[in-house]
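Listed here are the chains, written in short residue letters.
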Amino acid sequence: MKKLKEEFSINPEDLICAIGPCIQKCCFEVDEDVKNLFYEKFEKIGQIEDIIKKSENKNKYYIDTTLLNRLILNREGLRDKNVIDSMICTKCNHEKLHSFRESKSRGRNTSIIMLKK
């Protein structure tokens, strides 16, 4: 965001961001060590209790990276209405999109960034 502001004089309120397919909170289950890393890194963002939820499995946690990214974008000045979530989970839709969690191998998904005047 800093580069966009400095190099292109972008007003974050004018940006539109689409969060594409990614692992969603329904499938991003992690152990306590990963949960702790997320907690330490992102606690100051706020809503950490909404980002990290304890699983019914005592030693597991679900992490909502989509919410985390939305909060980071809002903090940078993007309007919430300009952040669009595809709500597509790559693990749930592994037959159409690559999911490392499902395949246990590397693959590719694509992102597009466009600057329009």
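Residues numbered from 1 in each chain as written. Predicted model: local features only at pLDDT ≥ 70, side-chain atom pairs only at ≥ 80, totals over all residues. Heavy atoms only, no water.

1. What about the overall build of the protein?
Put simply, the rule is: Secondary structure elements follow DSSP: runs of H or I of four or more residues count as helices, runs of E of two or more count as strands, with numbering from the N terminus. Contacts between residues were defined by any pair of non-hydrogen atoms, one from each residue, lying within 4.5 Å. For the purpose of counting charges, residues Lys and Arg are taken to be positive, whereas Asp and Glu are taken to be negative. His and the chain ends are not included. Charged groups are reduced to one reference atom each: NZ for lysine, CZ for arginine, CG for aspartic acid, CD for glutamic acid.
A count of helices and strands for the protein gives five helices and five strands. Going from the N terminus to the C terminus, the protein shows its helices and strands as α-β-β-α-α-β-β-α-β-α. Projected onto its principal axes, the C-alpha positions of the protein cover 50 × 35 × 20 Å. Considering only residue pairs separated by 6 or more positions, the protein has 63% of its internal contacts joining residues 24 or more positions apart. Put simply, the protein has 23 plus and 19 minus side-chain charges, and the middle of one group is 4 Å from the middle of the other.

2. A short note on the pattern of salt bridges
Keep this limit in mind: By definition here, a salt bridge exists when the distance from a side-chain nitrogen of Lys or Arg to a carboxyl oxygen of Asp or Glu is within 4 Å. Relative accessible area decides the class of each residue, using a 1.4 Å probe on protein chains only: under 20% of the type maximum gives buried, over 50% gives exposed, and in between gives partly exposed.
Enumeration over the complete set of coordinates arrives at seven salt bridges. For Glu-102, the salt bridge is made with Lys-91, and the minimal N-O distance between the two is 3.5 Å. Here Lys-91 lies in the loop between strand E5 (83–85) and helix H5 (100–103) and Glu-102 lies in helix H5, a separation of 11 residues in the sequence. On the basis of relative accessible area, Lys-91 is assigned to the partly exposed category, the value being 25%.

3. A short note on the environment of Arg-101
Considering the arrangement of structural elements, one finds Arg-101 in helix H5. Sequence spacing of Arg-101 and Lys-35 is 66 residues, and the spatial spacing of their C-alpha atoms is 17 Å.

4. Quick notes on the sheet that holds strand E2 (residues 29–31)
Cut-off, in case you're wondering: Each pair of strands is called paired provided DSSP finds at least two bridges between the two strands. Fitted lines through C-alpha atoms give the axes, limited to the stretch in contact for helices. The angle between two N-to-C directions lies from 0 to 180 degrees.
Read from one edge of the open sheet, three strands run E2-E4-E3, paired in antiparallel fashion. Every interior strand has two partners, whereas the edge strands, E2 and strand E3 (52–54), have only one. Within this sheet the neighbouring strands show an average axis-to-axis angle of 40 degrees, counted without direction. Here three bridges tie E3 to strand E4 (residues 60–63), and the two strands are oriented antiparallel to one another. Its bridge partner lying in E4, Lys-54 is registered against Tyr-61. Running over the sheet, helix H2 (residues 32–42) touches E2, E3 and E4 and is turned about 100 degrees from E2.

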